[in-house]
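Working through the structure, step by step
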Amino acid sequence: MRIYLFFISILLTGIMSGQEEEREKILPQDTLPPGEKYGLRAGVDLGRIIRSSVDDKYSGFEVVADYRVYRKFYAAVEIGNESLTRDEENINVEGSGNYFRAGFDFNTYSNWYGMQNSIFVGLRYGFSTFDQTLNDYTIFTGTNYFGENTTTEPVTVEGLNASWIEFILGIKAELFKNIYLGASVSLRSKVNEKIPDGFDNLFIPGFGRTNDFSSIGVGYGYSISYLIPFYKKRK
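Section: the pattern of salt bridges
Working definition: two side chains of opposite charge can pair if their charged atoms are close together. Inspection of the entire model under this criterion finds 14 salt bridges. In this structure, glutamate 36 and arginine 68 form a salt bridge, with 2.6 Å as the shortest nitrogen-oxygen distance. With glutamate 36 in strand E1 (residues 36-45) and arginine 68 in strand E2 (residues 58-68), this pair connects stretches of sequence that are 32 residues apart. Residue arginine 68 is classed as buried on the basis of its relative accessible area of 3%. Note that arginine 124 and glutamate 78 form a salt bridge whose closest N and O atoms lie 3.2 Å from each other. Of this pair, arginine 124 sits in strand E5 (residues 118-139) while glutamate 78 is found in strand E3 (residues 73-87), placing the two residues 46 residues apart along the sequence. Overlapping salt bridges, with partners in common, bring together Asp45, Arg48, Glu62, Glu78, Glu82, Arg101, Asp105, Arg124, Glu166 and Arg188 in one network.

Spelled out as structure tokens, the structure:
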């Protein structure tokens, strides 16, 4: 999936470059350009939909939205749910629940006036509420002389939660009028986490996989969204 993200980013950059070349040919220099659009851009994460269809251990859905509050600043939010089963060597655990991320994006890209493509950096605060189900596990005894000691009775712990901060780098390009395709990568750092008794959280919805040696996680996303323009504003 990360390889796809790389190629999608190249594709979106090419689209943005082509749009500006076409606009330079069409727009006379003495023509007053249209006002820039301000409104709500809402859509879905395509990556989670595709992964849910090809990975039987995962299911997820995410709604994405941003609102342009200033020329280069956007308020942004993502809301979704995820479920993942991690089948490790000695343990099988499923994490499932809901999450949201809220923050802002800053567009570092200089558009032709009237266009609204972006190469952005962003910051989010994320929060997740979820359950963990320990499906089975093997108790390590140091020897297999008496055979493996495996417990297969599921144990579910409800009411868990976690929060994190994440830094985002992404791109959004207008494919058709008011329709945008986006791709992003994010670096996440856990702030706090409620851990079940007897085992760890191996997956936190919205944050991703976890491990014992670091509180840092990496995420990625692909989105398609539609801009609902509320008004236009000139520079």
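Still to come is the rest of the account.
With respect to empty space enclosed by the protein
For the structure on display, the rule yields two cavities of 30 Å³ or more. Empty space within the largest cavity amounts to approximately 330 Å³. Forming the boundary of the largest cavity are 29 residues, of which Asp45, Glu62, Val64, Glu78 and Ser184 lie nearest the centre. Broken down by secondary-structure element, the contributors of at least two residues to the lining of the largest cavity are E1, E2, E3, strand E4 (91-107), E5, strand E7 (155-176), strand E8 (179-193) and strand E11 (216-233).

Focus on the confidence of the model for the protein
Across the protein, the average pLDDT comes to 83, with 77% of residues at or above 70. Mean pLDDT values over the elements of the protein span from 50, in helix H1 (residues 2-26), up to 97, in E2. Here residues 4-8 scores under 50 on pLDDT; set against residues more than four positions off or in separate chains, the count is nine contacts.

Overview of the pairing of E1
Among the ten residues of E1, seven are classified as buried, and the element is accordingly described as predominantly covered. Across ten bridges, E1 lies against E11 in antiparallel orientation. Counterpart to leucine 40 in the pairing with E11 is isoleucine 228. Here E1 runs beside E2; their pairing, made up of five bridges, is antiparallel. Considered in E2, the bridge of alanine 42 is made with alanine 65.

Digging into the side chain of serine 186
Following the sequence through the fold, serine 186 ends up in strand E8. Beyond its immediate stretch of four places on either side in the chain, serine 186 contacts Glu166, Phe167, Ile168, Gly217, Val218 and Gly219.

Looking at the packing of aromatic side chains
Counted according to the given criterion, the structure contains seven aromatic pairs. Ring centres of tyrosine 38 and tyrosine 231 lie 5.4 Å apart, and the angle between their planes is 10°; on these two criteria the pair is classed as stacked. In this pair, tyrosine 38 is assigned in strand E1 and tyrosine 231 in strand E11, connecting sequence segments 193 residues apart. According to the relative accessible area criterion, tyrosine 231 is partly exposed, its value standing at 37%. Taken together, Phe73, Phe104 and Phe106 form an aromatic cluster joined through their ring pairs. Lying across the ring of tyrosine 58, arginine 51 places its NZ or CZ 4.2 Å from the centre.

So, how was this worked out
Residues numbered from 1 in each chain as written. Predicted model: local features only at pLDDT ≥ 70, side-chain atom pairs only at ≥ 80, totals over all residues. Heavy atoms only, no water. Salt bridge = Lys/Arg side-chain N within 4 Å of Asp/Glu carboxyl O. Helix = DSSP H or I, 4+ residues; strand = E, 2+ residues; numbered from the N terminus. Buried < 20%, exposed > 50% of the residue type's maximum accessible area, 1.4 Å probe, protein only. 1 Å grid on protein atoms, 1.4 Å probe; cavity = no way out; pocket = protein on both sides within 12 Å on 5 of 7 lines; lining within 4 Å. Points joined across faces, edges and corners; volume = space filled by probe spheres on them. pLDDT = per-residue confidence, 0-100. Contact = heavy atoms within 4.5 Å. Pairing = 2+ DSSP bridges. Phe/Tyr/Trp six-rings, centres within 6.5 Å; stacked < 30°, edge-to-face > 60°. Lys NZ or Arg CZ within 6 Å of the ring centre and 35° of its normal.

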